[in-house]
Amino acid sequence: MTAVLRSVFDWKIRGFRVTEIVGVAILAAVVVSVYFVKAQAARQSAEIAALQRDISDERQRMRLLIAETARLEEPGRLEALSRQAGLAPISVEQRIDLDSLPELAPVQGTPAPAAVDAEASQ
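Reading the values: rules and limits
Residues numbered from 1 in each chain as written. Predicted model: local features only at pLDDT ≥ 70, side-chain atom pairs only at ≥ 80, totals over all residues. Heavy atoms only, no water. Helix = DSSP H or I, 4+ residues; strand = E, 2+ residues; numbered from the N terminus. Buried < 20%, exposed > 50% of the residue type's maximum accessible area, 1.4 Å probe, protein only. Areas by Shrake-Rupley, 256 points an atom, 1.4 Å probe, with all protein chains shown as cover. Patch = residues over 30% accessible without salt bridge, like charges linked within 9 Å, V, L, I, M, F, W, Y side chains within 5 Å. Salt bridge = Lys/Arg side-chain N within 4 Å of Asp/Glu carboxyl O. pLDDT = per-residue confidence, 0-100.

Enquirer: Any chance you could break down the overall build of the chain for me, citing the residues and the numbers?
Expert: Helix and strand counts for the chain come out as five helices and two strands. For the chain, the sequential pattern of α-helices and β-strands runs α-β-β-α-α-α-α. Every one of the 122 residues in the chain was classed for burial, and the buried ones make up 2%. About 11,400 Å² of surface is accessible on the chain, with carbon and sulfur atoms providing 63% of the total.

Structure, rendered in structure tokens:
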């Protein structure tokens, strides 16, 4: 068995040992694979940086939208807008119970109050 192994290690092609040729081929394969892995890592690193920039931009946009929502929902602003529109809180006289609803329903053939208001504004 030792003689067989020795003959394999001593086997030469054009003056080079087969083990040297195999070793150089493996080394070349390792170098090429390391190059490709490094290039892939650089691409992924650039992609991660772009995604992190996108996340930061979206967070900034979200903060701006939250601030805008808070400004739009400000009670003082809403109260001023409702007064400009002629709106007011519901008074006690405007409240009715569920049993009184049929009395408020429009009679068949007469327009609903909203339709009358729309026609008057035209």
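Enquirer: Report on a nonpolar patch on the surface, specifying residues and quantitative values.
Expert: A grouping of V22, I26, V30 and V34 is seen on the molecular surface, where their side chains present a nonpolar patch of about 340 Å² in accessible area. Judged by its relative accessible area of 53%, I26 falls in the exposed class.

Enquirer: Could you give an account of the confidence of the model for the chain, with specific residues and numbers?
Expert: Across the chain, pLDDT averages 83, with 78% of residues at or above 70. Mean pLDDT values for the elements of the chain range from 54 in helix 5 (residues 113–121) up to 95 in helix 2 (residues 18–72).

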